Amino acid sequence: MANITIIGPGAIGGTVAAWLAQDPRHRITLAVRTRLDRLEVHTPQGVISAQPRVLTEPAQATPADWVLIATKAYDVVGTSRWLDGLCRPDTLVAVLQNGVEHMERFAPYLPSERILPVMVDCPAERLRPGVIHQRGTGRMVVPRGRSGEAFVELFAQTPIEVAETPDFKTEIWKKLCYNSAGALSAILLKGAVISRHAAVAQVMRGIVRECLAVGLAEGARLDESVVENVVSGYRAAPPDSVNSMHADRIAGRPMEIDARNGVIVRLGGKHGIPTPLNALCVGLLEAAQG
Ligand SMILES: NC(=O)c1ccc[n+]([C@@H]2O[C@H](COP(=O)([O-])OP(=O)(O)OC[C@H]3O[C@@H](n4cnc5c(N)ncnc54)[C@H](OP(=O)(O)O)[C@@H]3O)[C@@H](O)[C@H]2O)c1
């Protein structure tokens, strides 16, 4: 039996929590900001539901074997308030977020050997608190090692595929290449269909080339093929699919501008690599966010 607490049961946290709750080996707890009574997830395999224990205040937290963080990258401070109560010295903390700075975000709060960064690939949207649409198959990748192996085992009875990799850096930079181009949907307020427009696809290629250059300087092992893969990936997606930054802009929530495009500009600056297109995306999205 594993005691697993998920901080942030939104699109990703709610999907993962509901799937883990189907496994009788696990006891699931949710640490929430907005109260909810149950989870209902519309998955490619049908509707699943769960009624986990719900904590609304960090003072209610009790130690868990695993803590899964699924808040947005910019909610680190609020998220960190849960950690003292949820963590024993042997609790493992998995960070299910986008970007390439999972470790850096939580290093001020936890020893690095207890943090497991997770690359999440699972198209999901929150319809309202506790109700989620999981649009496609869930896939996660973690660094190879003892914590990674234990994380794979947590999901063994679910349809979410979890793989270990010896080269996590390449995995997260590949995902960042994809996500960086998604800024255009958030700017234009149009789904993946915009990638079918030749001029937009050209801008996407430029954004991804900047991300690729910075990723290579950071040690990721990628090549130019990632550029066309990103464009064809958006073109193959359902035309109306909405990435999470676009969804945040529509809902009037803050966007993960820094984790998805700002980081390319910041790290580009460190390596002397120009990143004007990502800087433009950051500027436009910050202006749109107000
Ligand atoms: N959605 C996707 O398709 C997708 C795919 C791959 C990766 N990701 C990444 O996964 C991460 C999570 O994204 P998401 O789409 O799941 O976001 P989301 O739907 O906005 O969910 C975030 C959740 O965190 C909660 N939260 C915020 N601060 C909190 C706090 N202090 N304590 C407890 N809960 C708190 C929010 O509560 P409220 O209800 O109060 O807002 C919300 O339930 C992001 O880094 C995203 O980029 C998302």
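Here the structure is a predicted model, which is why all the values come from computation and not from measurement.

Asks: How should I be thinking about helix α6 (residues 168-181) in this particular structure?
Replies: One turn of the α-helix equals 3.6 residues, which is why residues spaced by three or four share an orientation. When the terminal C-alpha atoms of α6 are compared, their 21 Å separation across 14 residues agrees well with the 20 Å that a helix rising 1.5 Å per residue should span. Every buried residue of α6 is listed here: Phe168, Thr170, Glu171, Ile172, Trp173, Lys175, Leu176, Cys177, Asn179, Ser180 and Ala181.

Asks: Where do I start with the site of the ligand in this structure?
Replies: The local shell around the ligand holds 28 residues, among which Ile12, Thr34, Asn98, Arg126 and Glu256 are the closest. Residue Gly78 places a main-chain N or O atom 3.4 Å away from a nitrogen atom belonging to the ligand. Coverage of the ligand by the protein amounts to 91% of the 900 Å² it exposes when considered alone. Broken down by secondary-structure element, the contributors of at least two residues to the shell around the ligand are α1 (11-21), α2 (76-80) and β9 (124-128).

Asks: Teacher, can you tell me more about unusual backbone geometry here?
Replies: What is expected of a backbone is that most residues other than glycine have negative phi and most peptide bonds are trans. Residues other than glycine seldom take positive phi values, yet Leu189 does so here, at roughly 55°. For Leu189, the location among the structural elements is in the loop between α7 (183-188) and α8 (198-218).

Asks: Whenever I open this one, the state of the cysteines confuses me. Can you help?
Replies: In a disulfide, the sulfur atoms of two cysteines are covalently bonded to one another. The tally for this structure, following the rule as stated, stands at zero disulfides. No disulfide involves Cys211; its sulfur sits 3.7 Å from that of Cys177, the nearest cysteine.

Asks: Honestly, the layout of surface pockets in this entry has me stumped. Any pointers?
Replies: In this approach, a probe sized like a water molecule rolls over the atoms, and the result shows the empty space that is left. Taken as a whole, the second largest pocket spans an internal volume of roughly 230 Å³. Together, 13 residues line the second largest pocket, and Val100, Glu101, Glu104, Lys169 and Ile172 are the ones closest to its centre. Breaking the lining of the second largest pocket down by element, the ones donating at least two residues are α4 (102-106) and α6. When residues of the lining of the second largest pocket are assigned to their parent elements, the largest contribution, four residues, is made by α6. The residue inventory of the lining of the second largest pocket, partitioned by class, reads eight nonpolar, one polar and four charged.

Asks: How should the pattern of salt bridges be read in this particular structure?
Replies: Any two side chains of opposite charge can pair, given that their charged atoms come close. For the structure on display, the rule yields 17 salt bridges. One salt bridge connects Asp65 with Arg88, and the closest N-O pair in it is separated by 2.8 Å. Here Asp65, found in strand β6 (residues 64-69), pairs with Arg88, found in strand β7 (residues 87-96); they are 23 residues apart in sequence, far enough to count as distant. Look at Asp65 and you get partly exposed, because its relative accessible area is 24%. By relative accessible area, which is 29% here, Arg88 ends up partly exposed. In this structure, Glu125 and Arg135 form a salt bridge, with 2.4 Å as the shortest nitrogen-oxygen distance. Taken together, the residues Glu125 in strand β9 and Arg135 in the loop between β10 (131-134) and β11 (139-143) connect sequence positions ten residues apart. A residue is classified by how much of its surface remains accessible, and Glu125, at 18% relative accessible area, is buried. Classification of Arg135 as partly exposed rests on a relative accessible area of 32%. Several salt bridges share partner residues, and in doing so they unite Asp23, Arg25 and Glu153 into one network.

Criteria and cut-off values
Residues numbered from 1 in each chain as written. Predicted model: local features only at pLDDT ≥ 70, side-chain atom pairs only at ≥ 80, totals over all residues. Heavy atoms only, no water. Helix = DSSP H or I, 4+ residues; strand = E, 2+ residues; numbered from the N terminus. Expected span 1.5 Å × (residues − 1). Buried < 20%, exposed > 50% of the residue type's maximum accessible area, 1.4 Å probe, protein only. Near = heavy atom within 4 Å. Polar contact = N/O pair within 3.5 Å; in protein donor to acceptor, adjacent residues only side chain to side chain. Areas by Shrake-Rupley, 256 points an atom, 1.4 Å probe, with all protein chains shown as cover. Disulfide = S-S within 2.5 Å. 1 Å grid on protein atoms, 1.4 Å probe; cavity = no way out; pocket = protein on both sides within 12 Å on 5 of 7 lines; lining within 4 Å. Points joined across faces, edges and corners; volume = space filled by probe spheres on them. Nonpolar A, V, L, I, M, F, W, Y, C, P; charged D, E, K, R; others polar. Salt bridge = Lys/Arg side-chain N within 4 Å of Asp/Glu carboxyl O.

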